[in-house]
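For reference, the chains in residue letters:
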Amino acid sequence: MIKRMIEVPDNMDAAELFGRYDSNIKLIEKAFNVSVSLRDEGVRITGEESAVERSGDVIHMIITMLCNGEHVDEQKIMYAISMEQEDGGIDLSKLGSDCVAINIKGQPIKTKTFGQKKYVEAIDKNTIVFGIGPAGTGKTYLAVAKAVMALKRREVSRIILTRPAVEAGEKLGFLPGDLQNKVDPYLRPLYDGMYEMLGGEGFLRYQERGVIEVAPLAYMRGRTLDNAFIILDEAQNTTPEQMKMFLTRIGYGSHAIVTGDITQIDLPGDKRSGLKEAMKILSGIEGIAFCRFTDKDVVRHPLVQQIIKAYAKYDEDRERRRAQRR
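All figures in this text were calculated on a predicted structure; none of them were measured in a lab. The residue numbers shown here count from 1 along each chain, following its written sequence. Local features in this predicted model are restricted to residues whose pLDDT is 70 or higher, and side-chain atom pairs enter the listing and the counts only when it is 80 or higher, whereas totals over whole chains, interfaces and linings include all residues. Excluding hydrogens and water, the side-chain figures rest on all heavy atoms present in the structure.

(A) Structural view of the side chain of N103. In this description a helix means any DSSP run of H or I spanning at least four residues, a strand means any run of E spanning at least two, and both kinds are numbered starting from the N terminus. In this fold, N103 is placed in the loop between β4 (99-102) and β5 (108-110). A distance of 3.0 Å separates a polar atom in the side chain of N103 from the backbone nitrogen of K105. We call two residues in contact when some of their heavy atoms are within 4.5 Å. Among residues more than four places away in sequence, those in contact with N103 are I109, E196 and M197. Any N or O atom pair separated by 3.5 Å or less is treated as a polar contact, with the protein-specific requirement of one donor-capable and one acceptor-capable atom, and with residues adjacent in sequence counted only for side-chain atom pairs.

The following block contains the structure:
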């Protein structure tokens, strides 16, 4: 057992570092099997040598972020722990250096993981970007944020949000109302992002003027979309024909973001996913970027990461058993 002392700046409130009811430090203690306590001379860590060093690096990183004025929450601490455990440590303070957008409340939207940071950088550098990964990684939310900022900066003249209306258990015919009413539930995540960026009234004003359009993917056929920021959500549920149709709608001055999770395909068993085929066909083309998110990029409740890992392991085990039976 060894001990390590980490100095805490005089102007820092130790409560910020330790968290409410020491919640921040308890996460670190549990992850690395160490004991952490506050002393007059700083923070003392006790445990096995490698665990002390790694947990100390995480605590030092948190102190640096607090000194830089960054907000530290459970998600950031869990992300720092996971990266330290698997990749040998990263500087999380770099994530707060760039503001992606400003929401309707005037709050800055910043990337929370390096997967998100690479995704945003790819959007800035490419005409078409594919964001592929599990739920909760911010694929759609960040795409909507970038679209709204492009509109406000007059980089584009309109925003088009679309997704395939594929049934995931429910039947469209059983839902009340006309076609628009029936497909609205499928477009709800896109509405939610817009409401947070523009507010309900602002979004409706843009929509009434035709500046923002939210429509099922089928409505894109036969159109050429110039000077537009186009987001195709839930792209894993497109067929190859639909994906080709969508990508060939893009005109001059336009940008497109395609998001999806290839582990959540709701197409009938005899249908191929257009997103999976696009990943094979379009790889290596200049101006098109593929960004892959992992469970480390999940920014929802920590349990979501565990759920995603559990399902991934289950699928891997099932595929291995199938291969053994062949």
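(B) Geometry of the pattern of salt bridges. By convention in these notes, a salt bridge is any Lys or Arg side-chain nitrogen within 4 Å of a carboxyl oxygen on Asp or Glu. The final tally for this structure, using the stated rule, is ten salt bridges. With a shortest N-O distance of 3.5 Å, D233 and R163 are connected by a salt bridge. Linking D233 in the loop between β9 (228-232) and α8 (240-247) with R163 in strand β7 (residues 158-163), this pair joins segments that are 70 residues apart in sequence. Classification of residues uses two cut-offs on accessible area relative to the type maximum, computed with a 1.4 Å probe and protein chains only: under 20% is buried, over 50% is exposed, and between them is partly exposed. According to the relative accessible area criterion, R163 is buried, its value standing at 8%. Here R163 ties to E234 by a salt bridge, and the two come within 2.9 Å at their closest N and O atoms. With R163 in strand β7 and E234 in the loop between β9 and α8, this residue pair connects regions lying 71 residues apart in the sequence. Sharing partners across several salt bridges, the network here consists of R4, E53 and D57.

(C) Region of the structure containing the confidence of the model for the protein. Scored by pLDDT, the protein has a mean of 84; 89% of the residues are at 70 or more. Looking at any residue, its pLDDT shows the predictor's confidence there, from 0 to 100. Every residue in residues 168-175 is under pLDDT 50, and counting partners more than four places away or in other chains gives eight contacts.

(D) Just the pairing of strand β10 (residues 255-260), in detail. Most of β10 sits inside the fold, with five of its six residues counted as buried. Pairing analysis gives five bridges linking strand β6 (residues 128-132) to β10, with the strands arranged parallel. Across the sheet, V129 pairs through a bridge with I257, a residue of β10. One requirement defines pairing of two strands: DSSP has to find at least two bridges between them. Alignment of β9 against β10, held across four bridges, turns out to be parallel. Its bridge partner lying in β10, I231 is registered against I257. Taken together, β9, α8 and β10 form a β-α-β motif whose crossover is right-handed. A crossover counts as right-handed when, viewed with the strands pointing away from the observer, the path leading from the first strand over the helix to the second turns clockwise.

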